[in-house]
Amino acid sequence: MKKILTIQDISCFGKCSLTIALPVISAMGVETVILPTAVLSTHTMFKNFTVKDLTDQLLPITQHWKNEGITFDAIYTGYLGSAEEIEIAKEIFRMFKTDDTMIFIDPVMADNGKMYPAFDENYAKLNAGLCGEADIIVPNITEACFMTGTEYKEEYDEAYVLDLLHKLAGLGAKTVVLTGVSLSKGKTGIYGLETATGRTFQYQNDRIDASYHGTGDLFSSVTIGALMRGYDLEKAFQIAADYTARTIEVTMENPDKPWYGVDFEATLPELMQMLK
Ligand code: PXL
């Protein structure tokens, strides 16, 4: 069984980061080791959330694993709480990366043209540096703009997307994939670039007019899970895009649909079917 390490926060209530990555990747048949960067009462879209930072625990925990001879097939980072945690993530890559370890970075920090609370331009610069160490990065357009110093646009064309992809490739990752790319009316999806070959790839779904928290984490978790299950890059992204779109659709059908997250619990059986 493949084994991955995922480094992100635990938002106790709210369905995002580790409370999505752990159940979803485990259900996909991949051993999921977690390194919580912080414990929050909820994700940061709630008011008055509490935070207990765990920065000082990250190296003692990973050093213990190193002493035990524990290894990983992939390391997947998501929401990191601070600049210092970005530096520590790099240190953890150095501790565990071999030629066979896939580094997958979702530089979670912003959406819809805005930074999440607690982050700033400097954090974006540091995240750009972290992305340089990755095999695969999956920023949304807002994150890509902050990391490359590009103006954020609500309306854009393919040339804008390609320019962003090439700027992202300049950060150093082997494959860069922009998420939430909408190039035709009623559609949304991903646009990727393999830096060594210049090959691009795209996948689009019908756009659902709703924005739910945690869908980026769901998409990333399913992508890395599918990659670990042996699907190639494009197929893994396709499964993740289809599954995320289906989960949003099912959430919208729920009369009590929670505003804070999606009903992935209801669609996990469908994900299992997609993996067959
Ligand atoms: O879903 C991304 C995410 C993860 N963790 C925390 C967040 C967010 C987005 O707002 O607040 C704590």
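In the block above lies the structure referred to throughout.
Predicted, not measured: the structure shown is a model, and the values here were computed from it.

*Asks:* Would you mind going over the overall build of the chain in detail, with residue names and values included?
*Replies:* The helix and strand inventory of the chain stands at nine helices and 11 strands. The C-alpha atoms of the chain give a radius of gyration of 17 Å, which matches the 19 Å a tight globule of 276 residues would have. Dimensions of the chain along its principal axes, counting C-alpha atoms only, are 55 × 45 × 40 Å. Expressed as a percentage of its 276 residues, the buried residues of the chain come to 53%. If you sum the accessible surface of the chain, you get close to 12200 Å²; carbon and sulfur atoms cover 51% of it. One way to put it: in the chain the 23 positive side-chain charges average out to a point 2 Å from where the 38 negative ones average out.

*Asks:* Describe in detail the site of the ligand, supporting the description with residues and values.
*Replies:* Every one of the 13 residues lining the ligand counts as a neighbour, but Asp9, Ser11, Thr44, His213 and Asp217 are closest to it. Threonine 44 is positioned with one of its side-chain polar atoms (N or O) 2.5 Å from an oxygen atom of the ligand. Within the side chain of aspartate 217, a nitrogen or oxygen atom sits 2.6 Å from an oxygen atom of the ligand. Protein contacts shield 98% of the accessible area of the ligand, which totals 310 Å² for the unbound molecule. For the shell around the ligand, the residue count by class is six nonpolar, five polar and two charged.

*Asks:* For the packing of helix α3 (residues 83-96) against helix α4 (residues 121-131), give the residues involved together with the corresponding values.
*Replies:* Put simply, α3 and α4 touch, their axes get as near as 9 Å, and they point 10° apart. Here α3 lies roughly parallel to α4, going by the angle between them. Residues Ala83, Ile86, Glu87, Ala89, Lys90 and Phe93 of α3 form the contact with α4, whose own contacting residues are Tyr123, Leu126, Asn127, Gly129 and Leu130. Of the residues belonging to the contact of α3 with α4, the class tally is seven nonpolar, two polar and two charged.

*Asks:* Just give me the short version of the pairing of strand β10 (residues 187-194), but keep the residues and values in it.
*Replies:* Looking at chain direction, strand β9 (residues 175-181) and β10 are connected through five bridges and run antiparallel. Among the inter-strand pairings, valine 177 is bridged to a residue of β10, identified as glycine 192. A loop of five residues connects β9 with β10, the two strands running antiparallel in sequence, and glycine 186 in this loop sits at a positive phi of about 80°. Across seven bridges, β10 lies against strand β11 (residues 200-206) in antiparallel orientation. Within β11, the residue paired with leucine 193 across the bridge is threonine 200. Taking the residues that link successive antiparallel strands as the turn, the β10-β11 hairpin has five residues, and the phi of glycine 198 there is positive, at about 80°.

*Asks:* Outline the side chain of aspartate 217, supporting the account with residue identities and numerical values.
*Replies:* Tracing the backbone shows aspartate 217 in helix α7 (residues 215-228). At 2.8 Å, the side chain of aspartate 217 and the backbone nitrogen of serine 17 are in polar contact. Setting aside residues no more than four positions away along its own chain, aspartate 217 makes contact with Gln8, Cys16, Ser17, Ile20, Tyr76, Asp106 and Val108.

*Asks:* Tell me what's going on with the sheet that holds β10, and back it up with residues and numbers.
*Replies:* Across a sheet, strands are paired by hydrogen bonds formed along the backbone, either parallel or antiparallel in direction. An order of β3-β2-β1-β4-β5-β8-β9-β10-β11 is seen for the nine strands of this open sheet, with the pairing classed as mixed. Because the sheet does not close on itself, it has two edges, and the strands there are β3 (51-53) and β11. Pairing of strand β1 (residues 3-13) with strand β2 (residues 31-42), which is carried by nine bridges, proceeds in the parallel orientation. Looking at the pairing, lysine 3 lines up with glutamate 31 of β2.

Thresholds applied
- The residue count restarts for each chain, going from 1 along the sequence in the order it is written.
- Whole-chain, interface and lining totals are the exception, using all residues; otherwise, since this is a predicted model, local features are given only for residues with pLDDT of at least 70 and side-chain atom pairs are given and counted only at 80 or more.
- Only hydrogens and water are set aside; all other atoms, that is, all heavy atoms of the structure, feed into the side-chain values.
- Secondary structure elements are taken from DSSP: a helix is a run of H or I of four residues or more, a strand is a run of E of two residues or more, and numbering for both begins at the N terminus.
- Just to be clear, the radius of gyration here is over C-alpha atoms, and the globule rule we use is 2.2 Å times residues to the power 0.38.
- Whether a residue is buried, partly exposed or exposed follows from its accessible area with a 1.4 Å probe, protein chains only, as a fraction of its type maximum: under 20%, in between, or over 50%, in that order.
- With residues, only the protein chains shown are counted as cover, and all accessible areas are computed by Shrake-Rupley using a 1.4 Å probe.
- Only four residue types enter the tally: Lys and Arg on the positive side, Asp and Glu on the negative side, with His and both chain ends excluded.
- Charge placement uses NZ in Lys and CZ in Arg. For Asp and Glu, CG and CD serve respectively.
- The nearness test applies per residue and asks whether one of its heavy atoms lies within 4 Å of the molecule or strand.
- Throughout this description, a polar contact denotes any pair of N or O atoms lying within 3.5 Å of each other; where both atoms belong to protein, one of them has to be capable of donating a hydrogen while the other can accept it, and for residues adjacent in sequence the pair is counted only when both atoms sit in side chains.
- Residues are sorted three ways: Asp, Glu, Lys and Arg are charged, Ala, Val, Leu, Ile, Met, Phe, Trp, Tyr, Cys and Pro are nonpolar, and all the rest, Gly among them, are polar.
- Here, axes are lines fitted to C-alpha atoms. For helices the fit covers the stretch in contact, and angles between N-to-C directions go from 0 to 180 degrees.
- These descriptions rest on fixed angle ranges, namely under 35 degrees for roughly parallel, over 145 for roughly antiparallel, 65 to 115 for roughly perpendicular, and the rest for oblique.
- In this description, contact between two residues means that some pair of their heavy atoms is separated by no more than 4.5 Å.
- At least two bridges found by DSSP between two strands are what make those strands a pair.

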